Every structure is written in C-alpha cells, then in structure tokens.
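Chain by chain, the residues:
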Amino acid sequence: MSLTNEALLLIQKMVKSAPLKAFSIFNSSTLQGFQHTHQSISYILHRLLSSNMPTHAQSLILQVLSGRLSSPFFTPSSLLHHLTQPHLSSNPLCSHLFETIINAHVQSLLPEQALYFLKQMVDQGLVPRSNTFNNLLGFLVKSKDFGKAWWVFNEFKGRVDLDVYSFGIMIKSCCEAGDLDRGFELLVQLEEMGLSPNVVIYSTLIDGCCKNGDLERAKKMFGKMEELGLVANQYTYTSLIDGLFKKGHKKDGFELYDKMKSNGVVPNVCSYNCLINECCNDGKMSRALELFDEMRERGVACNVVAYNTVICGLCREIRMWEAEKFFNQMIREGISPNTVTFNTLIDGFCNLGKLDKALSLFDQLKSNGQSPSLVTYNVLIQGFARAQNSAGVADLVREMNDRGVSPSKVTYTILINALVRSGDMERAFQIFFSMEKAGMVPDTHTYGVLIHGLCMKGDMKEASKLFKSMSDTHLEPNDVIYNMMIHGYCKEGSSYRALRLLKEMRKNRMIPNMASYSSTIGVLCNDGKWEEAEFLLKEMIESNLRPSVSLYNILSKAKGNSTGEVMNV
C-alpha cells in the first residue's frame with residue numbers, strides 16, 4: 001500500500017469523526033510515526049477552521065514551523081506554498097488559513113515571513129481582519145522595529161481594515177520613539193476616518209507626553225478627555241501624576257491623586273509606587289508609610305517594587321532596623337526579594353558600619369540562588385574600604401573575579417580611593433594604570449580622587465601634571481577638582497598659581513567655594529598683594545559668599561603692613 005493511500009485512509013477516518021476527535025486521530029498518527037502529506041495536513045486544517053477552531057489550527061502550523069511535525073513528503077516552505085496557492089483563494093476558508101499562517105509566524109518570532117504571507121494574502125484580493133494585521137504590527141512595535149512598523153502601516157493602510165487598536169499601536173510606537181507630533185497626527189487621521197479615540201489612545205498620548213517632558217500637552221489631553229466624557233483610568237491618572245512629580249509639581253500631583261479617588265478610580269500598585277517613591281525622595285517617610293498601609297488596607301497586592309521603594313527610603317534615613325522589618329515582612333508574604341532589595345540593604349548596613357550584617361545579607365542573596373551583581377560587589381567593596389579592611393576588600397575582589405564579574409570604572413575608583421586614604425599613592429597609581437590597560441577611560445571622579453591624594457601629600461607638581469592630562473581624555477575638571485588644586489597651591493604658599501586657577505574657574509563659569517577664596521586671599525596677603533586680595537574679597541561678596549571677620553582682619557593687616565613699609569622708605 002502506497003503512502004498516499006495511507007494518507008487517504010487517514011483522511012477517510014478523520015472525515016467520519018467530530019472535529020476534536022479528528023484532530024486527536026491526526027495527532028496520534030503523528031506520534032506513531034505516520035508520515036503526513038500535503039493532503040492530510042490540508043484536510044485537518046480546513047476541518048478545524050470550518051469548525052471555528054483557529055487555535056488548534058494555529059498549533060498545527062506552529063508544529064510545522066518548529067520542525068516537530070515533519071515528513072519526507074514536504075518542507076515547511078513547500079507545504080505553506082501548497083496551502084496558499086492563488087487558485088484556492090475562492091475558498092471561503094482561505095482567508096482564515098492565511099490569517100492562521102500569519103499569526104503562527106508572529107508567534108514563532110518570524111515577522112518577515114509573516115509579512116510575506118500578509119502581502120501574498122492581500123495580493124490575492126483577500127482582506128485580513130484588523131486583529132491579524134494588528135498582531136503583526138504590535139509585534140514589530142514591541143520589538144522596537146519602528147521603521148518596519150511604519151512601513152507596514154503605510155503600505156497596507158488602504159488595503160486592510162484598520163481599527164482604533166491599529167492606530168493605538170502606532171501612537172504607542174510614536175510615544176516610545178519620542179515623536180509626539182507624529183502621534184498627534186495619527187490621532188487626527190483616526191478621527192478623520194470616523195473612528196472615535198478611546199481611553200487607551202488618550203492615556204497612551206498622555207503617558208508619552210509625560211515621559212517626553214511635555215507636561216502642558218498632557219494636561220490639555222487630560223482636560224479634553226473630560227470634555228468628551230471619557231473616564232480616565234488608573235493608568236491615565238498614574239501617568240499624569242508621575243509627569244507632575246517629575247516636573248516638580250508635587251502639590252498638583254497629590255491633588256490629582258485625591259481627585260482620582262473622589263472620582264471612584266481605585267489606585268493600583270503602580271499608582272501607589274509612584275506616590276510612595278515621591279514621598280521617599282522628598283524625605284517624607286511617615287507619609288510614604290501611610291500610603292503603603294493604605295495600599296494594603298485597600299487590598300491592592302504589593303509587589304517587590306513597592307517594598308524596594310519603602311526599604312530604599314528607610315535606608316536613606318539610616319532607619320536600618322525598620323528597613324529589615326519590611327524585608328522580613330515581604331518574605332513572609334511570599335514576595336521574593338530581588339538583587340535591588342539586597343543591594344539596598346547591604347549598602348545601608350555598610351553605611352552604618354555593620355559589615356557583619358551586610359555580609360549575612362550577601363550570603364542570603366547567594367543561598368537564594370541569586371547571583372550578586374556588579375553593584376553588590378561595588379557596595380561591599382566600598383563598605384570594607386571605608387572601614388579600612390583591606391583583607392575584606394581583597395577577598396571580595398577575588399570572589400568577584402572567580403564569578404566572572406568584570407570590574408567597572410566605579411570598582412576601580414573605589415579601590416583607588418581606598419589606597420589614597422591609606423596614603424599608598426604608589427599602589428593607587430598602579431590600579432589607575434591597570435584600569436587604563438583594561439580599556440577603561442577614567443572619569444572626572446577617578447581623577448579627582450588621585451588629585452586629592454597628591455594635594456594632601458603636598459605633591460603639587462604631580463597633581464598639576466594629572467590636572468593638565470585630563471584634557472588628553474577630553475575631560476573637563478569640575479569645581480571640586482579646581483578647589484582641591486587651589487587649596488593645594490595655597491598650602492605650599494603659591495599665590496600666583498592659586499589665583500590663576502581661581503580666575504580660570506570663574507572664566508569657566510564655576511564659582512569657587514568659601515575655602516578657595518579665603519585661602520587665596522590669605523596667601524596673597526602673605527605675599528603683600530593686598531590689592532589683588534581686596535579685589536577677590538569684593539568678588540566673593542558678589543558671589544553671595546560671606547567673608548569671615550578674620551578674613552577682613554588678615555586683609556586689613558596686610559594693607560597696614562604695606563602702608564608702613566612705604567612710610568619707612
């Protein structure tokens with residue numbers, strides 16, 4: 001008996017069965033090693049689609065695409081070519097078959113092939129339903145392939161049935177790409193087509209405006225929603241509240257939150273996270289904790305972000321034991337702490353000097369099956385370096401290397417800073433050079449740490465060389481570095497160099513600090529240059545810095561000495 005006859009017998013068996021039973025027979029034959037033909041697969045697909053079972057039909061196409069369903073009688077390409085022949089387009093099920101193939105390719109992360117079959121479908125005069133088109137369009141946007149999404153949208157705009165959701169997908173892509181004007185143009189096109197924008201469209205645009213810093217436009221859209229009688233949802237309110245907070249409009253943000261509740265819109269976990277985060281950043285921990293309690297009382301399910309936000313706020317205020325209570329509470333509630341949770345607590349205990357506690361959390365992180373991140377190691381190395389525990393630092397660096405975690409600029413700078421603080425400038429520079437050898441360009445902070453160490457040692461010659469070398473790596477010294485250098489020159493009594501850097505600072509639109517002005521005025525007075533010192537004193541006052549009484553006395557004394565010398569002559 002030929003294989004084709006076997007296929008015909010299988011088809012006859014399936015014809016006599018109900019659709020689900022037929023599909024079961026088909027799957028059983030596959031498991032038993034039956035080698036299918038174009039005909040057997042074509043039959044079961046049409047049977048499933050005619051019985052309104054598109055999910056089952058799609059699962060079959062997915063098996064073909066993944067190679068789980070194969071046969072010497074066809075390849076995935078030849079089978080799909082057979083199924084989508086132009087002469088079959090008169091079959092009423094042909095549109096559904098095309099859509100099944102397109103959706104299966106999207107699900108298999110094969111957008112180019114999905115696009116090929118979409119084009120073939122349209123060229124055969126078949127019109128895909130909007131949800132099939134939107135499925136492909138949405139995948140492209142989620143993949144951040146905005147260029148291809150726009151091409152697909154414009155290419156098929158007049159050839160497929162677009163709906164509000166189609167426009168919503170493209171408006172979302174505009175907002176994510178920061179092209180708000182294009183998003184608003186789409187809103188106009190949508191309305192010109194006689195479609196009514198829904199809450200999702202408005203919420204997407206409001207969120208896009210807020211994320212791109214256009215708060216005024218977001219507020220106008222929110223007002224327009226109210227005019228049209230569209231009820232803002234949790235997402236709409238949260239987006240605008242967040243936008244108000246980011247622009248510093250705290251009062252307006254909390255007023256909108258009150259309005260949200262008075263309009264009967266229940267805040268979700270994202271709403272609460274946004275509000276709690278703002279309170280924590282503003283140092284209003286009691287209000288943050290009230291909101292956290294309110295969220296729990298309302299039955300809103302907390303997530304790891306909500307706990308992390310509160311724990312971070314408490315750690316920032318060095319309320320470590322309260323932070324630990326929240327940590328234990330989240331575990332009791334079945335919420336798994338993530339690396340951010342552990343890093344925040346480890347950093348907090350390191351800042352408190354409780355290194356044993358920090359290490360205990362570090363071990364707990366690892367015993368939970370999580371891998372310490374670069375941030376974890378940096379935080380611990382910083383803590384041990386601050387405690388001048390060089391053995392602990394060495395152990396952590398060793399473990400970090402063993403785990404294959406590469407050090408960053410931050411890691412190198414922490415190590416350099418630790419050596420500078422211990423007075424070992426030679427080893428500090430060795431780390432600095434090994435950092436450059438590793439292909440990392442030191443930043444302003446790294447240079448600042450080394451310059452500070454040299455200035456403290458009184459080695460202004462080397463400090464000056466390092467200061468000048470910053471321009472070789474296209475780095476500009478910041479005000480902290482300038483002030484360090486000025487202080488160093490004043491310590492060695494070099495009024496000329498200190499004054500030159502102070503003028504350079506002003507030229508670069510930086511304001512020297514009180515110490516830089518006072519020290520430079522002091523050394524100028526010591527050198528008898530009271531006129532230049534007096535000019536600096538005036539400049540200092542103009543910069544809203546208040547000179548001390550002793551500084552006036554130093555200048556007065558220098559002027560008196562200078563006058564006395566002239567009279568003696």
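Residues numbered from 1 in each chain as written. Predicted model: local features only at pLDDT ≥ 70, side-chain atom pairs only at ≥ 80, totals over all residues. Heavy atoms only, no water.

### Some thoughts on the overall build of the protein chain
Cut-off, in case you're wondering: Here a helix means four or more residues in a row that DSSP labels H or I, a strand means two or more in a row labelled E, and each is numbered from the N terminus. Atoms counted for the radius of gyration: C-alpha only. Globule rule: 2.2 Å times residue count to the power 0.38. Throughout, exposure labels follow a simple rule: accessible area from a 1.4 Å probe, protein chains only, divided by the maximum for the residue type, with under 20% read as buried, over 50% as exposed, and the rest as partly exposed. Contact definition: two residues touch when any of their heavy atoms are within 4.5 Å.
Each helix and strand in the protein chain was counted, giving 32 helices and 0 strands. The C-alpha atoms of the protein chain give a radius of gyration of 35 Å, which is well past the 25 Å a tight globule of 569 residues would have. Along the first, second and third principal axes, the C-alpha atoms of the protein chain reach 130 × 60 × 50 Å. Relative to its full complement of 569 residues, the protein chain shows a buried share of 47%. Expressed as a percentage of contacts within the protein chain between residues at least 6 apart in sequence, the contacts between residues at least 24 apart total 60%.

### Digging into unusual backbone geometry
The phi dihedral of Asn52 is positive, around 60°, even though this residue is not glycine. Position of Asn52 relative to the elements: it lies in the loop between helix H3 (38-50) and helix H4 (54-66). One non-glycine residue, Ile318, adopts positive backbone phi at about 55°. Along the chain, the position of Ile318 falls in the loop between helix H18 (304-316) and helix H19 (320-332). The partly exposed category is assigned to Ile318, whose relative accessible area is 41%.

### Regarding the packing of helix H11 (residues 180-192) against helix H13 (residues 215-228)
How two helices sit against one another is set out by the angle between their axes and by the gap between those axes. Condition: Under this scheme, a helix contributes an axis fitted over its contacting stretch, all axes are lines through C-alpha atoms, and angles between N-to-C directions fall in the 0 to 180 degree range. Each angle gets one of four labels, with under 35 degrees taken as roughly parallel, over 145 as roughly antiparallel, 65 to 115 as roughly perpendicular, and the rest as oblique. Less than a right angle of anticlockwise turn of the near helix away from the far helix marks a crossing as left-handed, whereas a clockwise turn marks it as right-handed. Residue classes follow a fixed rule: Ala, Val, Leu, Ile, Met, Phe, Trp, Tyr, Cys and Pro count as nonpolar, while Asp, Glu, Lys and Arg count as charged, and any other residue, Gly among them, counts as polar.
Following both chains from N to C, one finds H11 and H13 inclined at 20°, their axes separated by 13 Å at the closest point. Considering the angle they form, H11 stands roughly parallel to H13. Once H11 is placed against H13, the crossing between them reads as left-handed. Along its contact with H11, which presents Leu180, Asp181, Phe184, Leu187 and Glu191, the element H13 presents Arg217, Met221 and Lys224. Among the residues forming the contact of H11 with H13, the class breakdown is 4 nonpolar, no polar and 4 charged.

### Some points on the packing of aromatic side chains
For the record, the criterion: Whether two aromatic rings pair depends on their centres lying within 6.5 Å, for rings of Phe, Tyr and Trp, where Trp uses its six-membered ring; planes under 30 degrees apart make the pair stacked, over 60 edge-to-face, and the rest tilted. By definition, being over a ring means that NZ of Lys or CZ of Arg is both within 6 Å of the ring centre and within 35 degrees of the ring normal.
Overall, the coordinates contain 18 aromatic pairs when judged by the stated rule. Pairing Tyr116 with Phe117 gives two aromatic rings, centres 5.0 Å apart and planes at 80°, and the pair type is edge-to-face. Take Tyr116: its relative accessible area is 51%, and that puts it in the exposed class. On the basis of relative accessibility, which here comes to 7%, the residue Phe117 falls in the buried class. Pairing Phe292 with Phe326 gives two aromatic rings, centres 5.3 Å apart and planes at 80°, and the pair type is edge-to-face. Of the two residues, Phe292 is situated in helix H17 (residues 285-297) and Phe326 in helix H19; the sequence distance between them amounts to 34 residues. Phe326 matches Phe292 in its accessibility class, with the two residues each being buried. The structure contains a cluster of three or more aromatic residues connected by ring pairs, namely Phe429, Phe432, Phe433 and Tyr447. Over the aromatic face of Trp151 sits the side chain of Lys148, whose NZ or CZ is 5.7 Å from the ring centroid.

### Here we look at the pattern of salt bridges
One side chain can pair with another of opposite charge once the charged atoms of both are near each other. Formally: Only one rule defines a salt bridge in this text: a Lys or Arg side-chain nitrogen within 4 Å of an Asp or Glu carboxyl oxygen.
This model, assessed by the stated rule, comprises 30 salt bridges. A salt bridge links Lys219 to Glu216; the nearest nitrogen and oxygen atoms lie 3.5 Å apart. One end of the pair, Lys219, and the other, Glu216, are both in helix H13, 3 residues apart, so they sit about a helical turn from each other. Owing to a relative accessible area of 36%, Lys219 belongs among the partly exposed residues under this scheme. Of the residues examined, Glu216 reaches a relative accessible area of 49% and is grouped as partly exposed. Put simply, Lys559 and Glu534 hold a salt bridge, and the shortest N to O gap is 2.9 Å. Of the two residues, Lys559 is situated in helix H32 (residues 549-568) and Glu534 in helix H31 (residues 530-542); the sequence distance between them amounts to 25 residues. Judged by its relative accessible area of 24%, Glu534 falls in the partly exposed class.

### Describing a nonpolar patch on the surface
Keep this limit in mind: Patch construction takes residues with relative accessible area above 30% that form no salt bridge. Like charges are linked within 9 Å, and nonpolar side chains (Val, Leu, Ile, Met, Phe, Trp, Tyr) are linked within 5 Å. Using a 1.4 Å probe, accessible areas were evaluated by the Shrake-Rupley method; residue-level cover was limited to the displayed protein chains.
A cluster of nonpolar side chains, namely Ile318, Trp321 and Leu352, defines an oily patch on the protein surface of about 290 Å² accessible area. Turning to its location among the elements, Leu352 is positioned in the loop between helix H20 (339-351) and helix H21 (355-367).

### Examining the state of the cysteines
Put simply, the rule reads: The disulfide criterion used throughout: a pair of cysteine sulfur atoms within 2.5 Å.
Summed over the entire model, instances satisfying the criterion amount to 0 disulfides. Looking at the unpaired Cys209, the closest cysteine sulfur is the one in Cys175, lying at 6.6 Å.

### So, the side chain of Ser130
Where we set the bar: Between N or O atoms, a polar contact is any pair within 3.5 Å; within protein, one atom must be a potential hydrogen donor and the other a potential acceptor, and residues adjacent in sequence are included only when both atoms are from side chains.
Relative to the elements of secondary structure, Ser130 occurs in helix H8 (residues 130-142). Looking at Ser130, its side chain comes within polar contact range of the side chain of Asp163, at 3.0 Å.

### Quick notes on the environment of His474
Looking at the element boundaries, His474 is found in the loop between helix H27 (460-469) and helix H28 (479-491). In this structure, the C-alpha to C-alpha distance between His474 and Asp443, residues 31 residues apart in sequence, is 9.8 Å.

### A closer look at the layout of surface pockets
Applied cut-off: Think of a 1 Å grid over the protein atoms and nothing else: a 1.4 Å probe that fits but is trapped marks a cavity, an open set flanked by protein within 12 Å on at least five of seven lines marks a pocket, and residues with an atom within 4 Å of a point count as lining. Grid points are joined across faces, edges and corners, and a volume is the space filled by probe spheres set on the points.
Approximately 500 Å³ is the volume attributed to the largest pocket. Contributing to the lining of the largest pocket are 24 residues, with Val141, Tyr165, Gly168, Ile169 and Lys172 lying nearest its centre. If you list the elements that add at least two residues to the lining of the largest pocket, you get H8, helix H10 (164-176) and helix H12 (199-211).

### With respect to the confidence of the model for the protein chain
To keep it simple, the criterion reads: The quantity called pLDDT is the predictor's confidence in a given residue, expressed from 0 to 100.
On average, residues of the protein chain carry a pLDDT of 90, and 97% of them reach 70 or more. Below a pLDDT of 50 lies the segment residues 564-569, which in the model reaches 0 contacts outside its immediate sequence neighbourhood of four places, other chains included.

### Quick look at empty space enclosed by the protein
Overall, the coordinates contain 1 cavity of 30 Å³ or more when judged by the stated rule. Its volume calculated, the largest cavity comes out at about 60 Å³. Contributing to the lining of the largest cavity are Gln382, Ala385, Arg386, Gln388, Ile414, Asn417, Ala418, Arg421 and Ser422. Contributions of two or more residues to the lining of the largest cavity are made by helix H22 (374-386) and helix H24 (409-421). At 4 residues, the largest contribution of residues to the lining of the largest cavity is made by H24. In terms of residue class, the lining of the largest cavity is built from 3 nonpolar, 4 polar and 2 charged.

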